[in-house]
Amino acid sequence: MQEIELKFLVPESRLKSLMRQAQVKSSQITQLAAHYYDTPDQQLAQAGIGLRIRKEGDTWVQTIKAGGDGIAARLEHNATLDNAQVQAMLDNNKLMPDLTIYKDTSIASTLADFKLKKLAQKLTRQYVTDVKRTTRLLMEDSKDEDSNSIEMAYDHGEVIHGHDDTQRDPIQEIEFELVSGDLDFLFTTAKTWCKRYKLCLSTVTKAERGGLLITGQNHSPAVSTDLSQLNINKDSTMPAFVRAAVHNCLLQILPNSSAVVAGSKDDEHILQLSIGINRLRAALQAFAGFSDELNPDWQPILKQTATLLGSYRELAYLASYIEPKLQEFNAPVVDWTADLEALKIKPIDVVAANDFQLTLLELIAFVMSDPHLEPQADKCANDKLAKILSKQHTKFVKAEQSLESKNDTSDNGSDSKDLESVDSHNVNLESSDKDKAQHKLYRQLTDLRYINQFAVPLLNKKDGKKKAKRWLKRLIKAQKSLGRYCEHLQYQQRYQQKSEENSNALYGAGWFAATLKKDLRRTEKHLAKVKDSSIFW
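Residues numbered from 1 in each chain as written. Predicted model: local features only at pLDDT ≥ 70, side-chain atom pairs only at ≥ 80, totals over all residues. Heavy atoms only, no water.

### Overview of the pairing of strand β8 (residues 168–180)
Looking at chain direction, strand β1 (residues 2–9) and β8 are connected through five bridges and run antiparallel. Bridged to Glu-5 within β8 is Glu-177. When strand β7 (residues 149–161) meets β8, the two strands line up antiparallel, connected through twelve bridges. Residue His-156 lies in a different strand from β8, and its bridge partner there is Gln-172. What sits between β7 and β8 in their antiparallel hairpin is a turn of six residues. (Pairing = 2+ DSSP bridges. Helix = DSSP H or I, 4+ residues; strand = E, 2+ residues; numbered from the N terminus.)

So, in structure tokens, the structure goes:
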């Protein structure tokens, strides 16, 4: 069976008012004690599988969860166990799951890569959860017997290390699971609660929480772009294609946004979240005509979110990476702490903002909606491909020509690790016309890169895909090189501005100025290769 649910973290400031709605006369409170199992090397977790035995009231249930769409839907199989047998195993401290249950079930294919007998021998209890669950059934006012209904479940408790019960992590989350009816009712209800209680979407399962606890981590690693999960082909229709593109972006956005709202300040989470948002913005703009259900209000919210994340991340990167690097060359210390603290809006505030969370909900709803119901469901995305790529390529050419026409010939360049998330949509510091033209060109290159990556799977012939990949390889080199250039131009300006109050910053300003010329030559070389390459569409 497929489970469709949305999970949210509950802010402490809204908990009391939320509980007044959760604990009504019809609600039920159940104590849940769950034992989670995996191999010592986490084979199930690496395959995205969660396996548990849980006491639900007076009943013991064995559950396995796996697969799904990576966003809100997962495969789930539940089997009620014999209480006497479970108690006997508990008495002997030998409670273990029975994997033979899954033979000839819908979950069998998920376990196909495992030899079940060997897997069963390796399983150990990794962690347990002790949770008090408050459930309430939410139903749509309707006389229809097949009315829409949702189970709301508020969980409060902790996950406990399976071999050291002093290691614990708190759980405080609310879930909305579709029991019957339409998906629209699930998302409408979730949006109402999200608005009222400022809830924040989370993709972190209890199994994932347990895995983090036993490995001593606070958050899962950042999730980067994974085009292998882009589920499209040459026959994809326009509505199906744009949903697949948005879905692929959400697979990058949601895990990273979940980490940020849970308290992560890790540079990589913020970076990958920014990249995911910018990929999404490029897709929504380029493929706007592929679906009637795309909401134009999403774009300004996504742009604002990316801009605010970029502003914070630039300063944080200066403090955590650039400064230590400069000090290796005996540079005087420049403290960016006060600048960071002066920012009124931190990443957690940006991502937890209600308008961004509601936008994420609407995007998930869009992805899960049926593309066959749209007017353009009979139109092939491939038929529009050349026109869209040509339009984006024309923007790139115009931006490149605009840069060439600038008379400002100041020497500039860059030297740093590849950072795709330079927010060229918002140049915060004072810039020359040439600087702005370079940022605009970088934006066009970045959008062209993302759109091409979405489009390549639509190509019909192998030779066409080879040409596309060769062209894309050159494009990516140019985009990365110009991105480094733009980013370090920003850093040079930051240090120059900082030097007005702290003369130590002059070293950083000079260091970046000295490297800009070399990197500009590298960028021009890669741009020339893109200009000289024949397009593949």
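### Thoughts on the confidence of the model for the chain
For the chain, per-residue confidence averages 91 on the pLDDT scale, and residues scoring 70 or more make up 94% of the total. Residue range residues 410–429 is modelled with pLDDT below 50. Its contacts to residues more than four positions away, or to other chains, number 79 contacts. (pLDDT = per-residue confidence, 0-100. Contact = heavy atoms within 4.5 Å.)

### So, the packing of helix α9 (residues 298–327) against helix α12 (residues 354–368)
With their axes 10 Å apart at the nearest point, α9 and α12 run at an angle of 130 degrees to one another. Considered as vectors, α9 and α12 are oriented oblique to each other. When you trace α9 past α12, the crossing you get is left-handed. Two secondary-structure elements touch here, α9 through Trp-298, Ile-301, Leu-302, Gln-304 and Thr-305 and α12 through Asp-355, Phe-356, Thr-359, Glu-362, Leu-363 and Phe-366. Taken together, the residues that form the contact of α9 with α12 break down as six nonpolar, three polar and two charged. (Axes fitted to C-alpha atoms, helices over the stretch in contact; angles between N-to-C directions. Parallel < 35°, antiparallel > 145°, perpendicular 65-115°, else oblique. Left-handed = near helix turned anticlockwise from the far one by under 90°. Nonpolar A, V, L, I, M, F, W, Y, C, P; charged D, E, K, R; others polar.)

### What about the pattern of salt bridges?
Throughout the structure, instances matching the rule amount to 23 salt bridges. In this structure, Lys-206 and Asp-155 form a salt bridge, with 2.8 Å as the shortest nitrogen-oxygen distance. Separated by 51 residues along the polypeptide, Lys-206 in helix α6 (residues 206–215) and Asp-155 in strand β7 bring together distant segments of the chain. Take Lys-206 and Asp-155: they sit in the same class, and that class is buried. Residues Glu-293 and Arg-243 are paired through a salt bridge, measuring 3.3 Å at the closest nitrogen-oxygen approach. Placement of Glu-293 in the loop between α8 (267–286) and α9 and of Arg-243 in helix α7 (residues 238–261) is noted, with a sequence separation of 50 residues between them. What makes Glu-293 partly exposed here is its relative accessible area of 39%. The class for Arg-243 is buried, based on a relative accessible area of 4%. (Salt bridge = Lys/Arg side-chain N within 4 Å of Asp/Glu carboxyl O. Buried < 20%, exposed > 50% of the residue type's maximum accessible area, 1.4 Å probe, protein only.)

### Digging into a positive patch on the surface
A surface patch of positive charge is lined by Lys-466, Lys-467, Arg-470, Lys-473, Arg-474, Lys-477, Lys-525 and Lys-529. Within the residue set of the positive patch, elements represented by two or more residues are α15 (462–498) and α16 (505–532). Counting residues per element, the positive patch draws most heavily on α15, which supplies six residues. Here Lys-466 shows up in helix α15. (Patch = residues over 30% accessible without salt bridge, like charges linked within 9 Å, V, L, I, M, F, W, Y side chains within 5 Å. Areas by Shrake-Rupley, 256 points an atom, 1.4 Å probe, with all protein chains shown as cover. Lys, Arg positive; Asp, Glu negative; His and termini not counted. Charge placed at Lys NZ, Arg CZ, Asp CG, Glu CD.)

### Side note on the side chain of Glu-400
Turning to its location among the elements, Glu-400 is positioned in helix α13 (residues 382–405). Excluding residues within four positions of it along the chain, Glu-400 makes contact with Leu-441 and Lys-531.

### Focus: unusual backbone geometry
Phi is positive for Asp-104, which is not a glycine, with a value near 60 degrees. Taking the relative accessible area as the measure of exposure, Asp-104 reaches 73% and is therefore exposed. The phi dihedral of Asn-330 is positive, around 65 degrees, even though this residue is not glycine. With respect to the helices and strands, Asn-330 occurs in the loop between α9 and α10 (337–342). With relative accessibility at 70%, the residue Asn-330 sits in the exposed group.

### Here's the deal with helix α14 (residues 433–455)
For α14, spanning 23 residues, the distance from its first C-alpha to its last is 33 Å, which sits close to the expected 33 Å at 1.5 Å a residue. Along α14, 19 of the 23 residues are buried, which leaves the element largely enclosed by surrounding structure. (Expected span 1.5 Å × (residues − 1).)

### With respect to a nonpolar patch on the surface
A cluster of nonpolar side chains, contributed by Leu-137, Met-139 and Val-179, occupies part of the molecular surface with about 290 Å² of accessible area. Structurally, Leu-137 is set in strand β6 (residues 124–139). Classification of Leu-137 as partly exposed rests on a relative accessible area of 46%.

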